[in-house]
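# Commentary on secondary and tertiary structure
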Amino acid sequence: MRASIFWCMALPIWYYSLFGLRKGFYFSALVMALSAAILFTRADTNLYMPYRTLFNFSLVYIAIWLVCHLYEVQRRKVSSFLHSLALQDALTGVCNRHALENDFALIQKQFIHIHMLLIDIDRFKNINDKFGHDIGDAVLITVANILGQSKQVQEVYRLGGEEFIILLKNMDHQQVSEEAEKIRQAIEDETFHSHQEDIKLTVSIGISSLQPEQEFNDFLRAADEKLYQAKREGRNKVCF
Ligand SMILES: Nc1nc2c(ncn2[C@@H]2O[C@H](COP(=O)(O)OP(=O)(O)OP(=O)(O)O)[C@@H](O)[C@H]2O)c(=O)[nH]1
């Protein structure tokens, strides 16, 4: 009986790998308490033996438990870091397209009225050509920050290049138009900086309204069509 209880030392490894950090901790603590109690009560009659056995068992058990716990903490950190990397745009720090598709699937189940704002910086190529790629990058970061400042905006997504997306929930046509116009105006009012001169920018915004049973790609395509209408009509414009 006393020998078989030493097999309990392997249990924290199973608990942490099967049940994760919290349950792993509690189960390991429970096993340790039970094993220690059994060892203590069933130990040899020799006066010092119960204490010595208990001490050795506890020492080894805690060492194994500690290694399992630290390993699981580290594994979780790495896993959440990789998860955030997978969903984040590396340059601007906002969410990427993968995150957008994930969030859309969730939001679609929870809300009826959903609008997509597809925001594209006008003539962004000129910024890169005239001021260099670094300044172009800095402009993208500032634009992403401005987009995230509105109270109505929970998340900003970068679709790629100079295109950003915002999803607005539970707002009517009028409110969505006003919000898009605020964004357009905020970018127009901002002064971006380069080493040589100040830069003024505008954005064009296409808006689509989610139709019942509409797929993500069709929702995006509808916003894209409106965006190109805004571009065709002279840029610095919101099209619904
Ligand atoms: N600096 C920088 N530039 C990028 C990045 N991604 C894409 N671009 C550039 O963004 C530019 C997009 O140019 P276009 O698609 O021609 O669009 P545009 O010049 O904004 O013109 P319109 O959209 O028609 O108003 C290209 O020059 C790309 O090289 C990036 O991460 N950083």
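Parameters and conventions
- Residues numbered from 1 in each chain as written.
- Predicted model: local features only at pLDDT ≥ 70, side-chain atom pairs only at ≥ 80, totals over all residues.
- Heavy atoms only, no water.
- Domains from an automatic or database assignment.
- Buried < 20%, exposed > 50% of the residue type's maximum accessible area, 1.4 Å probe, protein only.
- Helix = DSSP H or I, 4+ residues; strand = E, 2+ residues; numbered from the N terminus.
- Pairing = 2+ DSSP bridges.
- Axes fitted to C-alpha atoms, helices over the stretch in contact; angles between N-to-C directions.
- Parallel < 35°, antiparallel > 145°, perpendicular 65-115°, else oblique.
- Contact = heavy atoms within 4.5 Å.
- Nonpolar A, V, L, I, M, F, W, Y, C, P; charged D, E, K, R; others polar.
- Left-handed = near helix turned anticlockwise from the far one by under 90°.
- Near = heavy atom within 4 Å.
- Polar contact = N/O pair within 3.5 Å; in protein donor to acceptor, adjacent residues only side chain to side chain.
- Areas by Shrake-Rupley, 256 points an atom, 1.4 Å probe, with all protein chains shown as cover.

One can read the domain layout of the chain as domain 1 (4-87) and domain 2 (97-239). A straight line from the C-alpha centre of domain 1 to that of domain 2 covers 51 Å.

This next bit is on the pairing of strand S3 (residues 163-169). Among the seven residues that make up S3, six are buried, leaving the element largely enclosed by the rest of the structure. The pairing of strand S1 (residues 114-121) with S3 spans seven bridges and is antiparallel. Its bridge partner being in S3, Ile114 is matched across the sheet by Lys169. Bridge count for strand S2 (residues 156-160) against S3 is four bridges, and the pairing is antiparallel. Its bridge partner lying in S3, Val156 is registered against Ile166. Joining the antiparallel neighbours S2 and S3 is a turn of two residues, in which Gly161 adopts a positive phi near 50 degrees.

On to the packing of helix H4 (residues 124-131) against helix H5 (residues 133-147), then. Following both chains from N to C, one finds H4 and H5 inclined at 140 degrees, their axes separated by 6 Å at the closest point. The angle between the axes of H4 and H5 places the two elements in the oblique class. Seen from H4, the contacting residues are Phe124, Ile127, Asn128 and Phe131; seen from H5, they are His133, Ile135, Gly136, Val139 and Leu140. Of the residues in the contact of H4 with H5, the class split is six nonpolar, three polar and no charged.

Turning our eyes to something else, we now look at the packing of H5 against helix H6 (residues 173-189). Look at H5 against H6: their axes get within 10 Å of each other, and the N-to-C directions meet at 140 degrees. In this view, H5 runs oblique relative to H6, as classed from their interaxial angle. For the pair H5 and H6, the crossing hand works out as right-handed. Between H5 and H6, the contacting residues are Val143, Ile146 and Leu147 on the first element and Ile183, Ala186 and Ile187 on the second. Among the residues making up the contact of H5 with H6, the classes are represented as six nonpolar, no polar and no charged.

The environment of the ligand is made up of 17 residues, and the closest members are Arg123, Phe124, Asn128, Asp137 and Arg158. Asn128 has a polar side-chain atom sitting 2.8 Å from a nitrogen atom of the ligand. At 3.0 Å, a side-chain N or O of Glu162 approaches an oxygen atom of the ligand. Coverage of the ligand by the protein amounts to 67% of the 660 Å² it exposes when considered alone. When contributions to the shell around the ligand are tallied by element, the ones reaching two or more residues are S1, H4 and H5. With four residues, H5 is the largest single contributor of residues to the shell around the ligand. When its residues are assigned to classes, the shell around the ligand shows four nonpolar, four polar and nine charged.

What follows deals with unusual backbone geometry. Positioned with a positive phi, Arg123 is a non-glycine residue whose angle comes to about 50 degrees. Along the polypeptide, Arg123 turns up in the loop between S1 and H4. Here the phi dihedral of Asn170 falls at roughly 50 degrees; this positive angle occurs in a residue that is not glycine. Here Asn170 shows up in the loop between S3 and H6.

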